[in-house]
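Observations on chain architecture
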Amino acid sequence: MRITVDTGRCVGAGQCVLTAPDLFDQDDDGLVTVLDPTAGVSAGAAREAAALCPSGAISVAAD
Ligand code: SF4
């Protein structure tokens, strides 16, 4: 699973952190950061976070 985020699109809504706190965090400006994308977190959680992101900033691709 490969997770990429576009911080230029992120509006800091925080839905990704609420949905998948093992995968996402927010920096001091509220912009999304990806925690270890190889940590074995379920692809379902990542895809759910991508679907809920209001700005479409998260992309999830299979390896
Ligand atoms: S849900 Fe989307 S807009 Fe909100 S912090 Fe996460 S990546 Fe940014």
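Analysis parameters
Residues numbered from 1 in each chain as written. Predicted model: local features only at pLDDT ≥ 70, side-chain atom pairs only at ≥ 80, totals over all residues. Heavy atoms only, no water. Near = heavy atom within 4 Å. Nonpolar A, V, L, I, M, F, W, Y, C, P; charged D, E, K, R; others polar. Core = buried A, V, L, I, M, F, W, Y, C linked by side-chain atoms within 4.5 Å. Buried < 20%, exposed > 50% of the residue type's maximum accessible area, 1.4 Å probe, protein only. Helix = DSSP H or I, 4+ residues; strand = E, 2+ residues; numbered from the N terminus. Contact = heavy atoms within 4.5 Å.

Around the ligand, 14 residues are found, and the nearest of them are Cys-10, Ala-13, Gly-14, Cys-16 and Cys-53. Of the residues assigned to the shell around the ligand, the class counts are 9 nonpolar, 5 polar and no charged.

What follows covers the nonpolar core. Across soluble globular proteins, you tend to see nonpolar side chains buried next to one another. The biggest cluster of nonpolar side chains holds 14 residues, and the ones touching the most others in it are Ile-3, Cys-16, Ala-20, Leu-23, Phe-24, Ala-49 and Ile-58. Ranked by the residues each element gives to this core, the list is headed by helix α2 (residues 43-52), at 4 residues.

On to the environment of Pro-54. The topology assignment puts Pro-54 in the loop between α2 and β4 (58-61). Remark: the alpha-carbon pair of Pro-54 and Cys-16, spanning 38 residues in sequence, is separated by 9.6 Å. Excluding residues that lie within four positions of it along the chain, Pro-54 makes contacts with Val-11, Ala-13 and Gln-15.

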